[in-house]
Amino acid sequence: MTALIVTKDACFARMLYLSLSDRNADAVVAESMPCAPDEPVKVAFVDAAEYVRSPVLDGCDTVIFGYDTDIDALGDEVRDPGAVYRRPFNIEDVLDRFIGRPAPFCDNTKKHRNSADDLHLSEASHSAIYHGEHISLTKREYELLKLLIGKRGSVVSRAEATRAVFGDGCAEGTNIVDVYVKYLRKKIDEKFGIKLIVSVRGAGYTIKGD
């Protein structure tokens, strides 16, 4: 399945691209809507500022996103008002609707002692091991988990995590770190019935154990 991302916002495009890739979608990023994509597009994520001057692709779902001023400028041009999302919005809700939920990592929840000492990282395979069980991670998930473990006992701010994991080109203020913490919690906290990744209100995230 191919998803087309049309926006000049490089940081948002990168976040959406990574989120789509984690759901096994082939994502393509473009600054403007191509008149004839190389292959059929299942869903197009189009910035409102680009939508007003772009051809509308037939046969695909179109998600329109943007800030209030850009959305309001669209007027009556939008075919499906239900597919318009004002920033900021929960990207996972959008992906659930248009892409579908990813397959659960594991159907069986297993209870273990809540200790970060039992979580080990494998640099070679970009994965983690908890109580002898292998946890497959994407590159960004691995880098974020490595950062949190490396600063265990300290709070890692969202700004610090954004710079360290996603690069200086990713503007601060996005929710990309929150998205990837959610991915890690699904693969570790929810899978093993523990709580290692802890939110610190107004500050960021930390890893704690008993």
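Residues numbered from 1 in each chain as written. Predicted model: local features only at pLDDT ≥ 70, side-chain atom pairs only at ≥ 80, totals over all residues. Heavy atoms only, no water.

Chemist: What's the story with the nonpolar core in this structure? I'm lost.
Modeler: General note: in soluble globular proteins, nonpolar side chains tend to be found buried as a group. Counting residues in each nonpolar core, the largest one holds 50 residues, and the members touching the most others are Leu20 and Phe45. Ranked by residue count, the leading element in this core is helix H7 (residues 176–192), at 9 residues. With residues near it in sequence (within four places) discarded, Phe45 still touches Ala3, Leu4, Ile5, Val6, Leu16, Leu20, Val63, Phe65, Val94 and Leu95. Counting residues in hydrophobic clusters, the runner-up holds 13 residues, among them Leu4, Val6, Ala30 and Tyr51. (Core = buried A, V, L, I, M, F, W, Y, C linked by side-chain atoms within 4.5 Å. Buried < 20%, exposed > 50% of the residue type's maximum accessible area, 1.4 Å probe, protein only. Helix = DSSP H or I, 4+ residues; strand = E, 2+ residues; numbered from the N terminus. Contact = heavy atoms within 4.5 Å.)

Chemist: What am I meant to see in the pattern of salt bridges here?
Modeler: Pairing between side chains becomes possible if they bear opposite charge and their charged atoms approach one another. Under the defined criterion, the tally for this structure stands at 8 salt bridges. When the shortest N-O distance is used, the salt bridge between Lys187 and Glu141 registers 2.9 Å. Here Lys187 is found in helix H7, whereas its partner Glu141 is found in helix H5 (residues 139–150), with 46 residues between them in sequence. Both residues of the pair, Lys187 and Glu141, count as buried. Through salt bridges with shared partners, one network takes in Asp68, Asp72 and Arg86. (Salt bridge = Lys/Arg side-chain N within 4 Å of Asp/Glu carboxyl O.)

Chemist: Please explain the packing of helix H1 (residues 10–22) against H7 as it appears in this structure.
Modeler: Axis angle and axis distance: for two packed helices, these are the angle between their axes and the distance between the axes, and together they describe the pair. The N-to-C vectors of H1 and H7 enclose an angle of 15 degrees; their axes lie 10 Å apart at closest approach. By the angle between their axes, H1 is roughly parallel relative to H7. For the pair H1 and H7, the sense of crossing is left-handed. Judged by residue contacts, Met15, Leu18, Ser19 and Asp22 of H1 engage Ile176, Val179, Tyr180 and Tyr183 from H7. (Axes fitted to C-alpha atoms, helices over the stretch in contact; angles between N-to-C directions. Parallel < 35°, antiparallel > 145°, perpendicular 65-115°, else oblique. Left-handed = near helix turned anticlockwise from the far one by under 90°.)

Chemist: Please clarify how the environment of Leu137 should be interpreted in this entry.
Modeler: Its place among the elements puts Leu137 in the loop between strand S8 (133–136) and H5. Along the chain, Leu137 and Ser127 lie 10 residues apart, while their C-alpha atoms are 5.2 Å from each other. Not counting the four nearest positions on each side in its chain, Leu137 is found in contact with His126, Ser127, Ala128, Tyr142, Leu145, Leu184 and Lys187.

Chemist: I'm lost on the side chain of Thr206 in this one. Help?
Modeler: Its place among the elements puts Thr206 in strand S10 (residues 204–207). Looking at Thr206, the relative accessible area reads 2%, which means it is buried. One polar contact links the side chain of Thr206 to the main-chain carbonyl oxygen of Ser154, over a distance of 2.9 Å. Leave out the neighbours within four places in its chain, and Thr206 touches Leu148, Gly153, Ser154, Val155, Leu196, Ile197, Val198 and Val200. (Polar contact = N/O pair within 3.5 Å; in protein donor to acceptor, adjacent residues only side chain to side chain.)

Chemist: Would you explain the packing of aromatic side chains in this entry?
Modeler: Two aromatic rings are characterised by how far apart their centres lie and by the angle between their planes. If you walk through the whole model with that rule in mind, you get 4 aromatic pairs. Ring centres of Phe12 and Phe65 lie 4.5 Å apart, and the angle between their planes is 35 degrees; this geometry places the pair in the tilted category. Within this pair, whereas Phe12 is found in helix H1, its partner Phe65 is found in strand S4 (residues 61–66), the two being separated by 53 residues in sequence. Pair check on accessibility: Phe12 and Phe65 agree, each one buried. Within the aromatic cluster, the residues linked to one another by ring pairs are Phe166, Tyr180 and Tyr183. For Lys191, the ring lying beneath its charged end belongs to Phe192, and the centroid distance is 5.0 Å. (Phe/Tyr/Trp six-rings, centres within 6.5 Å; stacked < 30°, edge-to-face > 60°. Lys NZ or Arg CZ within 6 Å of the ring centre and 35° of its normal.)

Chemist: Explain the packing of H5 against H7 to me, please; I cannot follow it from the model alone.
Modeler: Look at H5 against H7: their axes get within 10 Å of each other, and the N-to-C directions meet at 90 degrees. Compared by their axis directions, H5 and H7 come out roughly perpendicular. Contacts between H5 and H7 pair Arg140, Glu141, Leu144 and Leu145 from the former with Val177, Tyr180, Val181, Tyr183, Leu184, Lys187 and Ile188 from the latter.

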